[in-house]
Amino acid sequence: MDIKKDFKKLYDAYKKNIIKKSLIYSLLLSLTALFVTSLFFWIFNVKQFYIAFIGFAILEGILFSIFYYLNRPNETNFARELDALGLEQRVITMYEYKDDDSLMAKIQRTNAIEHMGKVDTKLLRFVLPTLFFSLLIAASILSVSASTVSILSATGVIKSGRETIKDIIPTEQKEYNVYYNARKGGYIRGELNQVVKEGEDATPVIAIAEHGYIFVSWSDGVRNPYRQDVNVDRTLELFVTFVTIDEYIEMLKDPGEPEVPEEPENAAWQMPKPDDESDEDGPKKYDSNSMIIDGETYYGESVYDEYLSEVIDALSQDSEMSSDTKKIINDYFDTIEK
C-alpha cells in the first residue's frame, strides 16, 4: 500500500496546508521583527532603512524553512489528520496494517481507499484561527506604518523619533550666566549680564577704551577687544583691563612682563601673540592689538583705511545684520584706529 498514491488528492491538499501554515506563522514573526527594526531606525535616525527590509526577507526565509521542517509532510501525520475529520474509516489503523496480507486487511484497505477517494479535499482546507488572523493584520499594519515613518525620517521628510520625543516632552536645558565687567579706563558695549543655554553662544561684546587709555586684554587672556563666547558650558565672569598710554609703553619695554595665558577654546576669535622681533632701542613694531579683523594683517599706514572702507561697504549692503552688530563692528574699528 502506498498512501501517497492511494490518497493523492488528499495528500497534495495536506502538503499545501503545511506550506500555508509555515508561510503564515513565519510571516507573523517576520512582520513583528520588521516593525521593531523600523521603529528602532526611526527613533535613532538610522539612514540605512533598507537594512530592515533585507533582514525581513532573510528572516522570513529562515523561519519558513524551520516551520516547514518541523511540520514536514509524512504518512503518519497525514493519516492522523484524516482521522481527525471524524470519517468512518480509520486511516491510521489501515496504515499501521499496510503490510498485513490477510484477507480482512486487504478488504479493509480496499474499502478505505474507495471511501476516501470520495472525500472532498475542501475538508482539509486550512482555516486560520480568528485570533491569529487578527494578530497577522495588526502586525502588517504596524510594520508598514513603521517602515514608512523610517523611510520618511531617513530622507529628511519628517523628524526622527528622538527629535519628535523632545518636541513632545521638553527636557530641561542647563543655563549659565555670563558676566562682562570693565575696569577703570573704558567700558563694554553689548549685553553685560547674559543667561545662555548650555551649548549655545553668547551675544558679542566689545571693550572700548576711553581717551588716554588702551585696551590690554580680558581676564582669561583674550587680547582682542571684540569677543563672542561660543558653546558655553559653564558660568563665566570676565573682566577687561585698560591701561594708560604711558603704562602701555612701559609694559612693552619691560622685559619682565609676564606671558599672557593662552586663549580658551570657547573664545570665538583668538588673536596671535605679539611678534618676538623688535627694534633694539624701541618698542616692537606691532602687538596683538595692532591687527585688523583677520588676525594677520598689520593695519598701519594705509591698510587700516582700505579695510575700513571695505567693511563700511559690506555693512551697508548687508540687510540681514542687526544694527547692534553693525555698531559693535564700527566700535571695534574705532578702538584699533591709531
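Conventions and cut-offs
Residues numbered from 1 in each chain as written. Predicted model: local features only at pLDDT ≥ 70, side-chain atom pairs only at ≥ 80, totals over all residues. Heavy atoms only, no water. Helix = DSSP H or I, 4+ residues; strand = E, 2+ residues; numbered from the N terminus. Buried < 20%, exposed > 50% of the residue type's maximum accessible area, 1.4 Å probe, protein only. Contact = heavy atoms within 4.5 Å. Areas by Shrake-Rupley, 256 points an atom, 1.4 Å probe, with all protein chains shown as cover. Pairing = 2+ DSSP bridges. Axes fitted to C-alpha atoms, helices over the stretch in contact; angles between N-to-C directions. Core = buried A, V, L, I, M, F, W, Y, C linked by side-chain atoms within 4.5 Å.

Chemist: Looking at this structure, I do not really get the overall build of the chain. What am I missing?
Modeler: Summing up its helical and strand segments, the chain has 11 helices and seven strands in all. Within the chain, the proportion of its 338 residues that are buried is 31%. Contacts spanning at least 24 positions in sequence make up 64% of the contacts within the chain whose residues lie at least 6 apart. Taken as a whole, the chain presents about 21200 Å² of accessible surface, with 55% of it coming from carbon and sulfur.

Chemist: When you look at the sheet that holds strand β7 (residues 236-244) in this model, what are you seeing that I'm missing?
Modeler: Two modes of strand pairing occur in sheets, parallel and antiparallel, and in both the strands are linked by backbone hydrogen bonds. Strand order in the open sheet formed by four strands is β3-β1-β7-β5, and the pairing between neighbours is mixed. Each having just a single partner strand, β3 (193-197) and β5 (213-218) make up the two edges of the open sheet. The average angle at which neighbouring strand axes cross in this sheet is 25°, direction not considered. Across five bridges, β5 lies against β7 in antiparallel orientation. Opposite F215, over in β7, you have F242 as the bridge partner.

Chemist: Whenever I open this one, the nonpolar core confuses me. Can you help?
Modeler: Ranked by internal contacts, the top residues of the largest apolar core, which has 16 residues, are V178, Y180, I188, A207, F215, W218 and V240. The leading source of residues in this core is β7, at four residues. Each residue touching V178, except ones within four places of it in the same chain, is listed here: L192, N193, Q194, V196, V232 and L236. If you look at the next biggest cluster of nonpolar residues, it comprises nine residues, including L10, Y11, L82 and L124.

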